[in-house]
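Now for the letters of each chain:
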Amino acid sequence: MNDFLKRLEDGPLLLLDGGLGTGLMERGLPAGIPPETWTLEKPEELLDIHRAYVDAGSEAVHANTFGANPVRLAKYGLEFQHLNIQAVQLARQSGAPFVIADMGPTGEYLPPVGKGDVNIWRQAFEAQARVLLEADVDAIHIETMSDIREAHQALSALRNLSTKIPVMVSLTFDKKKKGFFTAFGDPLVESMQSLADHGATVVGANCSLASSDMQELALEASGRVHVPLVFQPNAGKPELTESGTQYSQLPDEFAADMVTMVKSLGNRLAAIGGCCGTDPRHIQALKKLLEENNIAFRRINP
Amino acid sequence: MSRASYSDFERAVVDGDKEKAEKLARDFVEAGGDLLAAVEEGLVPGIRKVGELWEEGEYFLPELVQGAEAMKAAMGLFNPALSIGNRQLPDTGKVVIGTVEGDLHDIGKSLVATMLSANGFEVYDLGSEVSIDTFLQKAAEVRAQIIGASALLTTTMSKQRDLARAIEQSALPSRPILMVGGAPTSQSWAEEIGAAYAENALQAVSVARSHLQ
């Protein structure tokens, strides 16, 4: 069995990395330039961020492939194959024990919201999946999906090509009066279950919510989904300060919420990390607090 | 026409039933009904209800868009009839809208555009990744009173500030105001850059209205 699959299924709890895009922007990635361009143009900056996460305690890093599907890159006139392969190689060079390739949404929506169609999704994901499966990755993480139908297209494109590769799927939820829903109205537990039923190794949520709300979401999902879970919240909300844009949540606050989540979910949790606004300091604080609480990433399979 | 038919309009919008809204509107125009009353007592309460359901978490993006599309369809049939009949809806104004340069996000902005046009505004949606020059050119061309700019990333919201300055310096004759929105933006950010702020698509309509009065 793939070591990573074993790790996800049997534990111990895996510490992921945090935000990548926000790190690139701090290093001067200009607005309007997709993060994927730096894979070729400034690989040293990208490698530097991956390494900082590994130093902070991340055992797995996400390659810079979130937006590297042909539909999205075509808007910038970028060719996607090389960008995917190169990004995975860079992540590998960081020395991280595991490398996860990222697959984000295409940016096209079905009517009535947009003008896209299922075939556009399908072709985009199939093309990206083909390239990523040839690259040296331990898993693929479908992330930040706000429409379960798009997540399913990505998942089934992958599963048609490989039944073995571990696939993590994270949706992005808003907190409404009646609970957690995606922007398209997909409910929390049912969505996660349906992804698990269709071959997701791990399911979860990322982005949109800060760690306190994500902790609440995790509790709601816990015990109601039959595969292990993954959560990567944002570091609060972005705020404008004199020194530029900053996320409101400090590493210690983020770490405290995540440790509370780990304590309440126990062995139902496969992996945790951060999304927008989190950086190596958040991961470092989280690792430290996990250790202080004697949660040394050991997860005994039930 | 009896008052009951106004609630049919309301229902069609709440249900997001574009075909029904069109049929109702066509019949209503032919029958010579009171169009303004149908707007004010049928369509507007309908779209307001859609907005409320959205805020409550009963409705989501697709229902919101469908409601707005139904309203837009009815308005599309009412507008020509209103101008022939010499009875005008209040002059709601022209809006040029887009997502700022560097930002591909489209949903929120499109929703605002749809809601504004459903509420009678003449909306020019420039799409995503709109440069400051494009905003200004279009606003000059159509003599827009409002420029709407969305930013969904903390890194692109600074473009809203650039746009605010550019609008001020351009001294366009229609003297458009800038209305901003998007996840990272806030009332205080809007005030800092000298723009109006709308937290969501519903608010955008009332903010746009209040600036034209």
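Our subject is the structure that appears above.
Below is a summary of the structure that appears in this document. Nothing here was measured: the structure is a model prediction, and the numbers come from that model.

Thresholds, definitions, all that
Residues numbered from 1 in each chain as written. Chains lettered and ligands numbered in written order. Predicted model: local features only at pLDDT ≥ 70, side-chain atom pairs only at ≥ 80, totals over all residues. Heavy atoms only, no water. Helix = DSSP H or I, 4+ residues; strand = E, 2+ residues; numbered from the N terminus. Rg over C-alpha atoms; globule rule 2.2 N^0.38 Å. Buried < 20%, exposed > 50% of the residue type's maximum accessible area, 1.4 Å probe, protein only. Areas by Shrake-Rupley, 256 points an atom, 1.4 Å probe, with all protein chains shown as cover. Lys, Arg positive; Asp, Glu negative; His and termini not counted. Charge placed at Lys NZ, Arg CZ, Asp CG, Glu CD. Contact = heavy atoms within 4.5 Å. Buried area = accessible area lost by both parts, 1.4 Å probe. Salt bridge = Lys/Arg side-chain N within 4 Å of Asp/Glu carboxyl O. Nonpolar A, V, L, I, M, F, W, Y, C, P; charged D, E, K, R; others polar. Pairing = 2+ DSSP bridges. Core = buried A, V, L, I, M, F, W, Y, C linked by side-chain atoms within 4.5 Å. Axes fitted to C-alpha atoms, helices over the stretch in contact; angles between N-to-C directions. Patch = residues over 30% accessible without salt bridge, like charges linked within 9 Å, V, L, I, M, F, W, Y side chains within 5 Å. Phe/Tyr/Trp six-rings, centres within 6.5 Å; stacked < 30°, edge-to-face > 60°. Parallel < 35°, antiparallel > 145°, perpendicular 65-115°, else oblique. Left-handed = near helix turned anticlockwise from the far one by under 90°.

A few words now on the overall build of chain A. Along its length, chain A carries twelve helices and twelve strands. Relative to the 2.2 N^0.38 estimate, which gives 19 Å for 302 residues, the radius of gyration of chain A is 18 Å and therefore close to what a compact globule would have. Across its three principal directions, the C-alpha atoms of chain A cover 50 × 40 × 40 Å. For chain A, with 302 residues in total, the buried portion stands at 60%. Here chain A displays about 12000 Å² of accessible surface, and carbon together with sulfur accounts for 48% of that area. Once the 27 positive and 38 negative side-chain charges of chain A are each reduced to a mean point, those two points are 4 Å apart.

Across the contact, 22 residues belong to chain B and 22 residues belong to chain A. For the pairing of chain B and chain A, the buried interface totals around 2000 Å² over both sides, and the portion due to carbon and sulfur atoms is 69%. One can count one salt bridge joining chain B with chain A. With its nearest N and O atoms 2.6 Å apart, the salt bridge here joins Glu58 of chain B to Lys178 of chain A. Residue assignment for the side of chain B that touches chain A shows that the elements contributing at least two residues are helix H3 (35–56), helix H4 (61–84) and helix H8 (187–193) of chain B. Of the residues contributing to the side of chain B that touches chain A, the split by class is eleven nonpolar, six polar and five charged.

Time to look at the sheet that holds strand S4 (residues 177–181) of chain B. Residues and elements named next belong to chain B. Strands sit in the order S2-S1-S3-S4-S5 across an open sheet of five strands; the sheet is parallel. Strand pairing shows two members of the sheet lacking a second neighbour, strand S2 (122–125) and strand S5 (196–197), which therefore form its edges. Alignment of strand S3 (residues 146–150) against S4, held across five bridges, turns out to be parallel. Among the inter-strand pairings, Ser150 is bridged to a residue of S4, identified as Gly181.

Okay, the nonpolar core next. In terms of nonpolar packing, the biggest core is built from 75 residues, with Met192, Leu217, Phe231 and Ile272 of chain A touching the most fellow members. Grouped together as the second largest cluster of nonpolar side chains are 54 residues, Val44, Leu64, Phe121 and Met179 of chain B included.

All names here are of chain A. Read across the sheet, eight strands follow the order S1-S12-S9-S8-S5-S4-S3-S2 without closing on themselves; strand pairing throughout is parallel. At either margin of the open sheet sits one strand with a lone partner, and together these are strand S1 (14–15) and strand S2 (60–62). Where helix H8 (residues 148–161) meets the sheet, its contacts fall on strand S3 (98–103), strand S4 (139–145) and strand S5 (167–171), and the angle it forms with S4 comes to roughly 165°.

Right, let's get into a negative patch on the surface. A contiguous patch of negative charge, built from Glu52, Glu55, Glu56 and Glu199 of chain B, is present on the exposed surface. Accessibility expressed as a relative area gives 44% for Glu55 of chain B, which makes it partly exposed.

All names here are of chain A. Note on placement: Ala74 falls in helix H5 (residues 70–74). For Ala74, a relative accessible area of 52% puts it in the exposed group. With 191 residues separating them along the chain, Ala74 and Leu265 place their C-alpha atoms 41 Å apart.

What follows covers the packing of aromatic side chains. Residue and element names in this part refer to chain B. Considering all chains together, one arrives at seven aromatic pairs over all chains under this definition. Arranged with centres 5.3 Å apart and planes meeting at 85°, the rings of Phe9 and Phe28 form a pair that is edge-to-face. Taken together, the residues Phe9 in helix H1 (residues 4–14) and Phe28 in helix H2 (residues 18–30) connect sequence positions 19 residues apart. With respect to class, Phe9 is no different from Phe28; both count as buried.

Residues and elements named next belong to chain A. As a packed pair, H8 and helix H9 (residues 188–197) sit with axes 11 Å apart at the nearest point and diverge in direction by 15°. Between H8 and H9, the angle is such that the two are roughly parallel. Judged by the sense of rotation from one axis to the other, the crossing of H8 with H9 is right-handed. Touching Ile148, Ala151, His152 and Leu155 of H8 are Ser191, Ser194 and Leu195, all from H9. Considering only residue class, the contact of H8 with H9 consists of four nonpolar, three polar and no charged.

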